[in-house]
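# Close look at the chain arrangement
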Amino acid sequence: MVPVGMTCALCNVHLTAPEQINQHFSGKKHIKRQHQEYNKEKQEGKTIYVTRLKELNVSSVQIYMAQFGTVVNILVGWDRNFKDRLHHLIVEFESKESVIQILSRDMRSKHNIQIPDTSPPRFQQIHVEERSFKAMRRSPSPPACPGVNLNEIKLQLSLIFDPEDQIQEIVSLTQLNQEDIEERSDMCENIRKTFARNGYPGCSLLPFGSTVNGLGFRGCDLDVYLDLGDIPWGPSSRNPLISVPVTLTEVQKVRLAARLLRQIPQCCKIVPITSARVPIVKFVHKISGINCDISFKSRASSLNSEYIRFCTEFDSRVRPLMMTIRLFCKTYDLSGGGGGMRISNYALTMLVIFYLQQLHQPLLHSVHQLQQHIEGSYEMISGWNCSFSSDPSKLPSLPVNKQGLLELLHGFFSLYSCIDFSSNFISPYLGRLVTRHTLQTNIPQEFSGCQDFLGGRENSLDIDRPICLQDPFELNVNTCKGLPVKAVSILQCFFKAATSVCQDLVSTSTQSPGGLNRLFELQVTLPKEKTIGDLVALFNRAPGVKVYCAVQLPCITAEEMKPNLKDNDDTSLIETKPDSDIPESDLNSVIDPLNQVQDILYTIFKTVLKFEMINSDPGTAKVEIDNTSEDVAVDNIIENDAEAKQANDKMQTEDQITETEERSEEIKTGDNQQDENTDEASNSKRKSDIDLKFKNGKKRRQDSFTANHFISQDWKLTAPVWISRKKVSDSIPDQNTELQRETLITERILKEINGKEYPEAEILFRTYLAIIQGSPCVGLQVVSSHKKTYESFFFWLRSHLPDLYKRISKDKTINQIQAVTSS
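Residues numbered from 1 in each chain as written. Predicted model: local features only at pLDDT ≥ 70, side-chain atom pairs only at ≥ 80, totals over all residues. Heavy atoms only, no water.

### What to know about the packing of helix H11 (residues 318–331) against helix H14 (residues 405–418)
This is how it is decided: Only the stretch in contact is used when fitting a helix axis, every axis being a line fitted to C-alpha atoms; angles between N-to-C directions are given from 0 to 180 degrees. A helix here means a DSSP run of H or I that spans at least four residues, while a strand means a run of E at least two residues long, and both kinds are numbered starting from the N terminus. Any angle from 65 to 115 degrees is called roughly perpendicular, while one under 35 is roughly parallel, one over 145 is roughly antiparallel, and all others are oblique. In this scheme the handedness of a crossing depends on how the near helix is turned from the far one: anticlockwise by less than a right angle means left-handed, clockwise means right-handed. Residue contacts are counted whenever heavy atoms from the two residues lie within 4.5 Å of one another.
Close contact between H11 and H14 brings their axes to 10 Å; oriented N to C, the two are set at 50°. One way to sum up the angle between H11 and H14 is to call them oblique. In this structure, H11 meets H14 at a crossing whose hand is right-handed. Of the residues in H14, those touching H11 at Pro320, Leu321, Thr324, Ile325 and Phe328 are Leu405, Leu408, Leu409, Phe412 and Phe413.

Structure follows, in structure tokens:
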């Protein structure tokens, strides 16, 4: 089993996903505790706690304490009853000897300080003791909820010969038992009663997810949809929030739920999350340690769980197959909550359902078929038909399928290990595979009775993702929308290795005990990622550069732009110039050269986000940074154009010699093309360009690289346009382009601010643009800021700039590509 995650000893938190690790160690809580620990070590033995001050003031105490040594800091505590009187002082000295002298037996009870402005002088005897740092008492953490023990499962599987029986054993060892189900049911009932007692007698709780769909593992989270029902109103109502409107928003419901859950003794660690796409309140059940999430959005999640349970009960092979696949992905941390590099369990289940629908002899009906045999009214949610026929006798019969569990498991891994996710559209509603091109040009007739889920609107189906897996009911939802390309690649690598294991088990005539254990002992070699490295350290090696964070921007390729050409209103161009006639070199020539990247960033900062540009570096500096040392010195500044050209040729030659063997010929060709673009840019700016070559005198290693086109610009922003963009975007009508839409979002935020001054939001920052290994990268350096406002702004920009850049660059680049293809 691959070791995953780590535990932060300072915060006592276990972290699994790389995204969790990055966010935790850069988060405010962890940094605050670091400062606390640092201050504790720094002040230990050097601070005293002074009380009984009465009429004394800070200066009189400081003058008295200065006779024992240098006072470096004083923390003041005021009396709550008398606002102008001191309650205590914490005095920090430069050395420990001062504290030892003050607290000595001879001096401890003799500290008398003259009260200011008294005649005859009066003295106040103060009480002094050493300041002690005690660990904060916390309520005991709830016990960890017992989960799946992989070692126990492997031990039991090693005693069984037949792989079919091994799969059934996996189900019995991982499934929720009756006690687990009753415990979760009691939790829901206690929550319902609490809300009913506090003014919501008509509320109802609907558990969904793994707990109710039959696929839950021991220790799984409990997901609940809470419907408050009709809210009573009037003097007789016991509703504690009389001032709250009758129609509550999701955020208001989350805050209300968090307050009421605190009345339940069995609930702890209650955290309302109001900024998420679906606001929820999280808590932990004290007795069992079960994590619970309560949401208020819609009943769609509950209906999805009913559909999954229907599938697991339709054929006896479905549930064991699903649970085995989920255990496989859980073992290698390929699936689960939290997003990032893991596919959600719901999306993984949809992949299994689709696989069983598209078989030559399918085991499951498509959702479209299920909806053709509904008796009674449809259940519509947000305009989507979420009903289906759950009566097998009303459904058309399926061909007889005699495949065993092992064959089905092998078929699942085989299908998704070799499928081209980037060009195919996976839809449990259809139950068959279609290409994305077919979906856009000749939409299947099964969708004829549904509302339009394409069309490029804000709430339309996002098919421009590594995997497009359509929700079976809400047809405008891509359940794999947030899964990155790297995660898809890793998923297919493990599926390919699992395919090989299953193939051996299927083809082997003699069975050995525990054969299925090989699925949980894979040694998978993942494809090496072509990374640039620590961008911040690389930027900061240049003289005078001190960036706070850096962002690698996506490169928009010609293949990504071709579908945009087809979607354009001017179809005559496509008819006269088919895709096969478009020279790839001509298309790539207009994608992401320096002026294109700089123009897009200028558009984002100036037009979209309404930043004010202070100044811009007029030249283009070419910087070679050696990856062998942190210390970088400027050896030479070449201002002569002829010498610059000669230096460029020499640098290119060195880079070609030191190129690693792992880099492919395609990447080399791309780098050479980028270098040619660099030379053309240098020739067009002969007087303003400066070539800078940075070396440290050491022998270059194979991981060194060249950063070309080093450009800096200063920007100023005076309003928090990055706050609440998601909330505002939901109220923005559909626009023709991403540029128009994002610009309108900023204008709406500025309008809501309505001229209010936000001095804390005024930030002056500098951007550094560099082309590193063919990829555009941006470094962000703070010039001036109110306190540390820039931290939240940079964090937002680092997260959203790549996606914003990609979407807007497609809008701006499409015209250039059309110009090339029409010439």
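Don't stop here, the text continues.
### A look at helix H16 (residues 485–507)
Under the convention used in this document: How far a helix is expected to stretch is found by multiplying one less than its residue total by 1.5 Å. Burial classes: relative accessible area under 20% of the type maximum marks a residue as buried, over 50% as exposed, and values in between as partly exposed (1.4 Å probe, protein chains only).
If you check H16, its first and last C-alpha atoms are 33 Å apart, about what 23 residues at 1.5 Å a residue would give, namely 33 Å. Regarding H16, the residues found buried are Ala487, Val488, Ile490, Leu491, Gln492, Phe494, Phe495, Ala498, Thr499, Val501, Cys502 and Leu505. In the core, the buried residues of H16 are packed alongside H11 and H14.

### Observations regarding the sheet that holds strand E3 (residues 47–51)
Put simply, the rule reads: DSSP bridges decide pairing: two strands pair if at least two such bridges lie between them.
Read across the open sheet, the four strands follow the order E4-E5-E3-E8; overall the sheet is antiparallel. Taken across any chain shown, the strands that pair with only one partner, and hence form the sheet edges, are strand E4 (71–78) and strand E8 (127–130). Strand-to-strand twist across the sheet, computed as the mean angle between neighbouring axes with direction ignored, equals 20°. With four bridges connecting them, E3 and E8 associate as antiparallel partners. Across the sheet, the residue bridging to Val50 is Val128, located in E8.

### What to know about unusual backbone geometry
The linkage connecting Ser119 with the following residue, Pro120, adopts the cis geometry, with an omega of -5°. Take Pro120: it is sitting in the loop between strand E6 (112–114) and strand E7 (123–125). Despite not being glycine, Asp117 shows a phi value in the positive range, around 60°. Relative to the helices and strands, Asp117 is located in the loop between E6 and E7. Despite not being glycine, Lys269 has its phi angle at roughly 50°, a positive value. Here Lys269 is to be found in strand E11 (residues 267–273).

### Side note on the confidence of the model for the protein chain
To keep things clear, this is the line we draw: Confidence of the predictor at the level of single residues is given by pLDDT, which spans 0 to 100.
Looking at the protein chain, pLDDT values average 77 and 75% of them are 70 or higher. Across the protein chain, element-level confidence peaks in helix H12 (residues 345–357) with a mean pLDDT of 96 and bottoms out in strand E21 (residues 633–638) with 28. Note that residues 234–238 has pLDDT below 50 and, in this model, four contacts with residues that lie over four places away or in other chains. Overall, residues 240–245 carries pLDDT values under 50, and its contacts beyond four positions in sequence, including any with other chains, amount to eight contacts.

### Quick look at the environment of Arg299
Rules: Polar contacts, as counted here, are pairs of nitrogen or oxygen atoms within 3.5 Å of one another; within protein the pair requires one atom able to donate a hydrogen and one able to accept it, and residues that are adjacent in sequence qualify only if both atoms are side-chain atoms.
Structurally, the position occupied by Arg299 is in the loop between strand E13 (291–295) and helix H10 (300–314). Arg299 gets classed as partly exposed once you look at its relative accessible area, which sits at 24%. Residues Arg299 and Val224, 75 residues apart in the sequence, show an inter-C-alpha distance of 9.9 Å. In terms of polar contacts, Arg299 uses its side chain to reach the side chain of Glu306, at 3.3 Å.

### Observations concerning the side chain of Thr118
Within the secondary structure, Thr118 is located in the loop between E6 and E7. Since its relative accessible area comes to 15%, Thr118 is described here as buried. Of the polar contacts made by the side chain of Thr118, one reaches the backbone nitrogen of Arg122; its length is 3.1 Å.

### Quick word on the side chain of Ser98
Its place among the elements puts Ser98 in helix H4 (residues 96–102). Relative accessible area serves as the criterion here: at 4%, Ser98 is assigned to the buried category. For Ser98, the contacting residues outside a window of four places in its chain are Phe68, Gly69 and Phe93.

### A word on the sheet that holds E11
Paired through backbone hydrogen bonds, the strands of a sheet run either parallel or antiparallel to each other. Read from one edge of the open sheet, five strands run E9-E10-E13-E12-E11, paired in mixed fashion. Lying at the two open borders of the sheet, with one neighbouring strand each, are strand E9 (204–208) and E11. Across the sheet, the mean angle from the axis of one strand to that of its neighbour is 25°, orientation sign disregarded. Across five bridges, strand E12 (residues 280–285) lies against E13 in antiparallel orientation. Considered in E13, the bridge of Val284 is made with Asn291. Lying over the sheet, helix H7 (residues 178–197) contacts E9, strand E10 (222–227), E12 and E13, oriented at roughly 30° with respect to E10.

### Concerning the nonpolar core
The criterion, for reference: Nine residue types can take part in a nonpolar core, namely buried Ala, Val, Leu, Ile, Met, Phe, Trp, Tyr and Cys, and a core is a set of them joined through side-chain atoms within 4.5 Å.
Within the largest apolar cluster, 86 residues are counted, with the highest numbers of intra-cluster contacts made by Tyr307, Phe328, Leu356, Phe412, Tyr416 and Leu519. Those elements that place two or more of their residues in this core are helix H5 (150–157), helix H6 (163–174), H10, H11, H12, helix H13 (367–371), H14 and H16. Ranked by residue count, the leading element in this core is H16, at 10 residues. Those residues in contact with Phe328 that sit more than four places away from it in its chain are Leu334, Phe413, Phe494, Phe495, Ala498, Leu519, Phe520 and Leu522. With 36 residues, the next largest nonpolar core counts Trp722, Phe765, Val778 and Trp796 among its residues.

### Topic: the packing of H12 against H14
Heads up, the condition is: Ten residue types, Ala, Val, Leu, Ile, Met, Phe, Trp, Tyr, Cys and Pro, are classed as nonpolar, four, Asp, Glu, Lys and Arg, as charged, and the remainder, Gly among them, as polar.
Running from amino to carboxyl end, H12 crosses H14 at an angle of 110°, the nearest separation of the two axes being 10 Å. Overall, the two elements H12 and H14 adopt an arrangement that is roughly perpendicular. On the side of H12, the interface is formed by Leu348, Leu351, Val352, Phe354, Tyr355 and Leu356, while H14 contributes Glu407, Leu408, Gly411, Phe412, Leu415 and Tyr416. Here the contact of H12 with H14 is composed, by residue class, of 10 nonpolar, one polar and one charged.

### Section: the packing of aromatic side chains
Describing an aromatic ring pair means giving the distance of the ring centres and the angle of the ring planes. Convention followed: Each Phe, Tyr or Trp ring, with Trp reduced to its six-membered ring, pairs with another whose centre is within 6.5 Å; inter-plane angles below 30 degrees give stacked pairs, above 60 give edge-to-face pairs, and intermediate values give tilted ones.
Counted according to the given criterion, the structure contains 31 aromatic pairs. A connected cluster of aromatic rings, assembled from ring pairs, spans Phe328, Tyr332, Tyr355, Phe412, Phe413, Tyr416, Phe421, Phe494 and Phe495.

### So, the pairing of E12
Of all six residues in E12, five are buried; the element is thus mostly enclosed. Pairing between E11 and E12: five bridges, direction antiparallel. Residue pairing for E12: Pro272 is matched across the bridge by Val281. The antiparallel hairpin formed by E11 and E12 contains six residues in its connecting segment. The turn linking E12 back onto E13 is made up of five residues, and Gly289 within it adopts a positive phi angle of 80°.

### Thoughts on H10
An α-helical segment advances 3.6 residues per turn. Residues three or four places apart therefore align on the same side. The first and last C-alpha atoms of H10 sit 21 Å apart over 15 residues, in line with the 21 Å expected at 1.5 Å per residue. Of all the positions in H10, only Ala300, Ser302, Leu303, Asn304, Ser305, Tyr307, Ile308, Phe310, Cys311 and Thr312 are classed as buried. Here the buried face of H10 lies against E9, helix H8 (210–213), H11, H12, H13 and strand E14 (380–381).

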